Amino acid sequence: MIPTAIAPDAVKAAGWRDHGLLVVALDDPRLGWADRELVRTIGDKLYGTQEGQR
């Protein structure tokens with residue numbers, strides 16, 4: 001059996017639709033400044049600040 005590659009965005013979309021999990025990269029070009037700041041704020045609140053940030 002040879003594994004087939006799965007597109008990362010397809011896995012992320014399925015995770016959101018099926019389980020309510022959201023995976024977001026802060027450098028995603030589809031996000032505007034306000035969106036990135038909201039995601040960063042939520043990440044900091046839940047998991048603490050990133051090393052070397054700010």
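Coordinates for the structure precede this section.
Residues numbered from 1 in each chain as written. Predicted model: local features only at pLDDT ≥ 70, side-chain atom pairs only at ≥ 80, totals over all residues. Heavy atoms only, no water.

(A) Highlighting the overall build of the chain. In terms of helices and strands, the chain carries two helices and zero strands. Compactness check: the chain gives a C-alpha radius of gyration of 14 Å against a globular reference of 10 Å for 54 residues, more than 25% above the reference. Every one of the 54 residues in the chain was classed for burial, and the buried ones make up 6%. With the model as given, the accessible surface of the chain reaches about 5,100 Å², and the carbon-plus-sulfur share is 61%. For the chain, the centre of its 7 positive side-chain charges and the centre of its 8 negative side-chain charges are spaced 2 Å apart. (Helix = DSSP H or I, 4+ residues; strand = E, 2+ residues; numbered from the N terminus. Rg over C-alpha atoms; globule rule 2.2 N^0.38 Å. Buried < 20%, exposed > 50% of the residue type's maximum accessible area, 1.4 Å probe, protein only. Areas by Shrake-Rupley, 256 points an atom, 1.4 Å probe, with all protein chains shown as cover. Lys, Arg positive; Asp, Glu negative; His and termini not counted. Charge placed at Lys NZ, Arg CZ, Asp CG, Glu CD.)

(B) Local environment of a nonpolar patch on the surface. Together, L38, I42, L46 and Y47 give the surface a local cluster of nonpolar side chains, amounting to about 490 Å² of exposed area. In this fold, L46 is placed in helix α2 (residues 33-47). (Patch = residues over 30% accessible without salt bridge, like charges linked within 9 Å, V, L, I, M, F, W, Y side chains within 5 Å. Salt bridge = Lys/Arg side-chain N within 4 Å of Asp/Glu carboxyl O.)

Note that every value here comes from positions in space, so none of it alone points to a role or purpose.
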